[in-house]
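Residues per chain, in single letters:
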Amino acid sequence: VSNDRGEYTFRNLTPGTYDLSIAMTGFEKSVQSGIVLTLNQSGRADVTLKAGAISETVTVEGQNTLINYDNGTVQGGIDPQTVKDLPLIVSGKPRSSASFAVLLPGVSTGSSNEAFNARINGGIQSGDEALLDGATMQEGFMSQSGMVSIQGDFQMSPDMVQEVKVLTSDYAPEYGSSTSGQITMVSKSGGNQYHGALFEYTRNRWLNAKPWNASCDTPGCDPRPFDIEHDFGANFGGPIKIPFLYHGTSKHHSYFYFDWEAFHQAGGASTPTLSIPSALERSGNFTDWGLPIYAPGNFAPGAACQQALPLGFGPGQQFPGNIIPQACISPIAAAYLAQLPQPTNGQAQNNYTLSRPVPDTLVANSNVYMFRIDHNYGDKDHFYFFWWRQFTGFNTATELPLAIATEEPTRPQNSPIARFNWEHTFSATLTNHVTVGYLNRNEGYGSLNLAFIGKLPGVPGAPGNNALPEFTFGSDFNQMSDNKGDPSGNITTRPTWVINDVLNKVLGHHTLTF
């Protein structure tokens, strides 16, 4: 309904494609078809009516470009067709639609080309905010949001998302909790027709190329990395029709959409090379290292060690010849050194190349489920509910032998997201939109070598016996063992509840938002 000046406005429209129909007595009816409205868009479409009979219709078809006259918001978006068509690389983790944000103006990732490190409009890393279906993606009191949340912790694949948009500056007051930009997403919904898909994106050794630094001299050796990744799933959506119970009515229209996606990985894109003590160093001989070895400040040798050292040797002095006598090596350290694999070359560092890559310990075996239900009640109410849940398997792949493994996989790791939205039109000049959101992330980090407690020595006098000692070194030497303990004792949760309400009132030539 327009006013006496012919001005009209439609608030809180769901992103999609619309037809605009204008009719007035004494003028030909005008129809503009194929008007595309994207997320958070303010657009203007002017219509010129020609004198004539209302039974005559002028239809304008083709691309309708809407110009924003309402505000100075600087934003860029990835429309639904682009989200659907552009491929995302399957590389060590499930696909994430938030990665598209790096294509937009004002978004940079430094030298990493990794969406996780995005900086928006000159802001700091992790200074952005993320919204899904109108509610924040902030993770509880950890205050993690933005790309950390929507790209790293809660991956939304292109089959789950209708649109991605980044607001870089001059956005409306209802957007906040950010020192830079806003990353917004809207979930995918069902339509008037049934539609489904099966898909798989794969990487394997047959399709991989030989890395530039690969060395493979033995007969029959394959220099291509052992990198096998599968991202697969299915989705289906359409109108809700239940035989003999519900088929929709003139006032009621319901739709559903379901998506399942799984990611499995064995190996990785590159084979790690670690620095572990050489065969000489394990016996106390550090002549291959090139740096002096000193006795620590609290050095208190036993009788056998004292006899193996020069008279008067004490804390802070260099071991003669850069060799630590066998009698001075701790039996605890010796027990763990005995678990190390043999070096693959004779260097003092970068001397152990694994036989195959080790997959990411967090998402190498995950399943994600998502569904959304929409319901239209007449022309004045639109409800929809969105649910997303991630389950990740327990990954036991390790770089070093299990007894001295350093990995800390999660058990459990599951993450739920729920959204409820209600759009209500009170009148042609008064509308309301309410959003209720919830998310959580449950993680339990723990050690993999718990079965060796009691089989390998602990540190005398150390509090607790629920973990083995952890050994860390300088000079880029790899850690040995892990002291995180049982995952059940290290569970973190990050629940977030949020409710938003936006009321719009049109008064004459002005629109008030509360």
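Structure: see above.
First, a word on scope: everything that follows refers to the structure included in this document. This is a predicted model, so every value here is computed, not measured.

1. Let's talk about the nonpolar core
The tendency in soluble globular proteins is for nonpolar side chains to be buried side by side. Counting 27 residues, the largest nonpolar core has Met-137, Met-156, Met-185, Trp-388 and Ile-417 as its most contacted members. For this core, the element with the highest residue contribution is strand β9 (residues 161-169), accounting for 3 residues. Sequence-distant contacts of Met-156, that is, excluding residues within four places in its chain, are made with Arg-95, Ser-96, Ser-97, Leu-132, Ile-150, Val-161, Met-185, Phe-386, Trp-388 and Ile-417. The next biggest cluster of nonpolar side chains, apart from the first, holds 15 residues, and it includes Leu-274, Tyr-336, Leu-337 and Leu-354.

2. Quick look at the state of the cysteines
For the structure shown, the criterion picks out 1 disulfide. Paired through a disulfide, Cys-305 and Cys-328 show a sulfur-sulfur distance of 1.8 Å. The chirality of the disulfide connecting Cys-305 with Cys-328 is right-handed, given an S-S dihedral of about 95°. With Cys-305 in helix α4 (residues 303-308) and Cys-328 in the loop between α4 and α5 (331-337), this pair connects stretches of sequence that are 23 residues apart.

3. Some thoughts on the pairing of strand β19 (residues 430-439)
With 7 of 10 residues buried, β19 lies mostly within the body of the structure. Here strand β18 (residues 410-427) pairs with β19 via 10 bridges, running antiparallel. When the sheet's bridge partners are listed, Ser-427 is paired in β19 with Leu-430. Connecting the antiparallel pair β18 and β19 is a turn made up of 2 residues. Relative to strand β22 (residues 496-507), β19 is paired through 10 bridges, and the arrangement is antiparallel. Bridge pairing links His-433 to Val-502 in β22.

4. Some thoughts on helix α2 (residues 146-153)
Because the α-helix completes a turn every 3.6 residues, residues three or four places apart line up on one side. Extensive coverage of α2 is indicated by the burial of 7 of its 8 residues. Where the residues of α2 are buried, they touch β7 (129-132), β10 (182-187) and β17 (381-392).

5. Notes on the pattern of salt bridges
Two side chains with opposite charge may pair up if their charged atoms get near one another. Here the structure, examined in full by the defined rule, presents 10 salt bridges. A salt bridge links Arg-95 to Asp-159, with the shortest nitrogen-to-oxygen separation between them at 2.7 Å. Of this pair, Arg-95 sits in the loop between α1 (80-85) and β5 (107-108) while Asp-159 sits in the loop between α2 and β9; the two residues are 64 residues apart in sequence, bridging distant segments of the chain. Accessibility classification places Arg-95 together with Asp-159 in one group, the buried group. Here Glu-261 and Arg-95 are joined by a salt bridge, their closest N and O atoms 3.2 Å apart. Residue Glu-261 is found in strand β13 (residues 252-267), and its partner Arg-95 is found in the loop between α1 and β5; the two are separated by 166 residues along the sequence. Its relative accessible area of 6% is what places Glu-261 among the buried residues. The class of Arg-95 is buried, set by a relative accessible area of 5%. Taken together, the shared-partner salt bridges in this structure form one network comprising Glu-139, Asp-153, Arg-441, Glu-443 and Arg-494.

6. Some remarks on the environment of Tyr-255
Locating Tyr-255 in the fold gives a position in strand β13. Between the C-alpha atom of Tyr-255 and that of Gly-238, which follows or precedes it by 17 residues, the distance is 5.6 Å. Among residues more than four places away in sequence, those in contact with Tyr-255 are Gly-190, Gly-191, Asn-192, Gly-238, Pro-239, Ile-240, Arg-372, Ile-373, Asp-374 and Asn-376. Polar contacts involving the side chain of Tyr-255 include one to the side chain of Asn-192, which spans 3.1 Å.

7. Observations regarding the packing of aromatic side chains
In the structure shown here, the tally under the stated rule is 17 aromatic pairs. Taking 5.1 Å as the distance between ring centres and 35° as the angle between the ring planes, the aromatic pair formed by Phe-313 and Phe-319 counts as tilted. Taking relative accessible area as the criterion, Phe-313 reaches 16% and is therefore assigned buried. Judged by its relative accessible area of 4%, Phe-319 is buried. Clustering of aromatic rings is evident, with ring pairs tying together Tyr-194, Phe-236 and Phe-256. Above the face of the Tyr-384 ring, Arg-372 is positioned so that its terminal group lies 3.7 Å from the ring centre. The ring of Phe-452 has Lys-455 lying over it, and the distance from NZ or CZ to the ring centre is 5.7 Å.

8. Concerning the side chain of Gln-151
Following the sequence through the fold, Gln-151 ends up in helix α2. Those residues in contact with Gln-151 that sit more than four places away from it in its chain are Lys-93, Ser-96, Ala-98, Ser-99, Glu-114, Ala-115, Phe-116 and Gly-146.

9. Considering the environment of Leu-104
Note that Leu-104 resides in the loop between α1 and β5. Its relative accessible area of 11% is what places Leu-104 among the buried residues. Each C-alpha atom, one on Leu-104 and one on Lys-165, is 8.8 Å from the other, the two residues being 61 residues apart in sequence.

10. Considerations on unusual backbone geometry
Glycine aside, the phi torsion of most residues is negative, and most peptide linkages are trans. Located in the positive-phi region is Asp-133, a residue other than glycine, with phi close to 50°. Turning to its location among the elements, Asp-133 is positioned in the loop between β7 and β8 (135-136). Overall, the relative accessible area of 4% leaves Asp-133 in the buried class. A positive phi angle, near 60°, is found at Asn-322, a position not held by glycine. Owing to a relative accessible area of 8%, Asn-322 belongs among the buried residues under this scheme.

11. A look at the environment of Thr-184
Along the polypeptide, Thr-184 turns up in strand β10. Sequence separation of Thr-184 and Ala-130 is 54 residues, and the distance between their C-alpha atoms is 5.8 Å.

Each value, and the rule that gives it
Residues numbered from 1 in each chain as written. Predicted model: local features only at pLDDT ≥ 70, side-chain atom pairs only at ≥ 80, totals over all residues. Heavy atoms only, no water. Core = buried A, V, L, I, M, F, W, Y, C linked by side-chain atoms within 4.5 Å. Buried < 20%, exposed > 50% of the residue type's maximum accessible area, 1.4 Å probe, protein only. Helix = DSSP H or I, 4+ residues; strand = E, 2+ residues; numbered from the N terminus. Contact = heavy atoms within 4.5 Å. Disulfide = S-S within 2.5 Å. Pairing = 2+ DSSP bridges. Salt bridge = Lys/Arg side-chain N within 4 Å of Asp/Glu carboxyl O. Polar contact = N/O pair within 3.5 Å; in protein donor to acceptor, adjacent residues only side chain to side chain. Phe/Tyr/Trp six-rings, centres within 6.5 Å; stacked < 30°, edge-to-face > 60°. Lys NZ or Arg CZ within 6 Å of the ring centre and 35° of its normal.

Just distances and angles here, no functional claims.
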